[in-house]
Amino acid sequence: MTLNAVPFQPDSQGSTIAAAGGTYAHNPRGCGRVRICNAGPDIAFVEFSDGSVAASLTSMAIMPGAIEVFSSRQTAISIFSLGSATLYITPGEGA
């Protein structure tokens, strides 16, 4: 088994800053990875979609202070939080 661990490389389109609650457009060029940093003090719940799916308490949790990289070519992210989460959403490529 060969591992191809290419570090995450942000796309030149930059980050989307999103507060808890709502659906935000991101990744217009269809990059293969999305880096999410939860800079807020509360858990954020996220859903990747074409904009038609709303995040809820059963969605994927991003803990406060977490930085995660996901595989997704979707063009929207929906965010839900019971508190005040602030996410930096950066499309790109690599791990």
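Everything below is about the structure printed above this text.
Being a predicted model, the structure only gives us computed values, none of them experimental.

Caption draft 1: View of the side chain of Ser 59. On the secondary structure map, Ser 59 appears in the loop between strand S5 (44-49) and strand S6 (60-62). Under the relative-accessibility criterion, Ser 59 is labelled buried at 9%. Within the structure, Ser 59 has its side chain in polar contact with the backbone nitrogen of Ser 56 (distance 2.9 Å).

Caption draft 2: Structural context of the packing of aromatic side chains. Taken as a whole and assessed by the stated rule, the structure comprises 2 aromatic pairs. Ring geometry for Phe 45 and Phe 80: centres 6.4 Å apart, planes at 45°, overall tilted. Here Phe 45 is found in strand S5, whereas its partner Phe 80 is found in strand S8 (residues 76-80), with 35 residues between them in sequence.

Caption draft 3: Region of interest: the sheet that holds S5. Read across the open sheet, the 4 strands follow the order S3-S8-S5-S6; overall the sheet is antiparallel. Both outer strands of the open sheet, strand S3 (22-25) and S6, are each paired with one neighbouring strand and no more. Averaged over all adjacent pairs, the angle separating strand axes in this sheet is 35°, with direction ignored.

Caption draft 4: Spotlight on the environment of Pro 91. Among the structural elements, Pro 91 can be located in strand S9 (residues 86-93). Owing to a relative accessible area of 1%, Pro 91 belongs among the buried residues under this scheme. In the structure, Pro 91 is positioned 18 residues away from Arg 73 in sequence and 9.0 Å away in space, judged by C-alpha atoms.

Caption draft 5: Structural view of the nonpolar core. Counting 13 residues, the largest nonpolar core has Ile 36, Val 46, Ile 77, Ile 79 and Leu 87 as the members making the most contacts within it. Contributions of two or more residues to this core are made by strand S4 (33-38), S5, S8 and S9. Per element, the largest residue contribution to this core is 3 residues, and it comes from S5. In contact with Ile 36, not counting residues within four places along its chain, are Val 46, Phe 48, Ile 62, Ala 66, Ile 67, Glu 68, Phe 70, Ile 77, Leu 87 and Tyr 88.

Quick notes on the rules
- Residues numbered from 1 in each chain as written.
- Predicted model: local features only at pLDDT ≥ 70, side-chain atom pairs only at ≥ 80, totals over all residues.
- Heavy atoms only, no water.
- Helix = DSSP H or I, 4+ residues; strand = E, 2+ residues; numbered from the N terminus.
- Buried < 20%, exposed > 50% of the residue type's maximum accessible area, 1.4 Å probe, protein only.
- Polar contact = N/O pair within 3.5 Å; in protein donor to acceptor, adjacent residues only side chain to side chain.
- Phe/Tyr/Trp six-rings, centres within 6.5 Å; stacked < 30°, edge-to-face > 60°.
- Pairing = 2+ DSSP bridges.
- Axes fitted to C-alpha atoms, helices over the stretch in contact; angles between N-to-C directions.
- Core = buried A, V, L, I, M, F, W, Y, C linked by side-chain atoms within 4.5 Å.
- Contact = heavy atoms within 4.5 Å.

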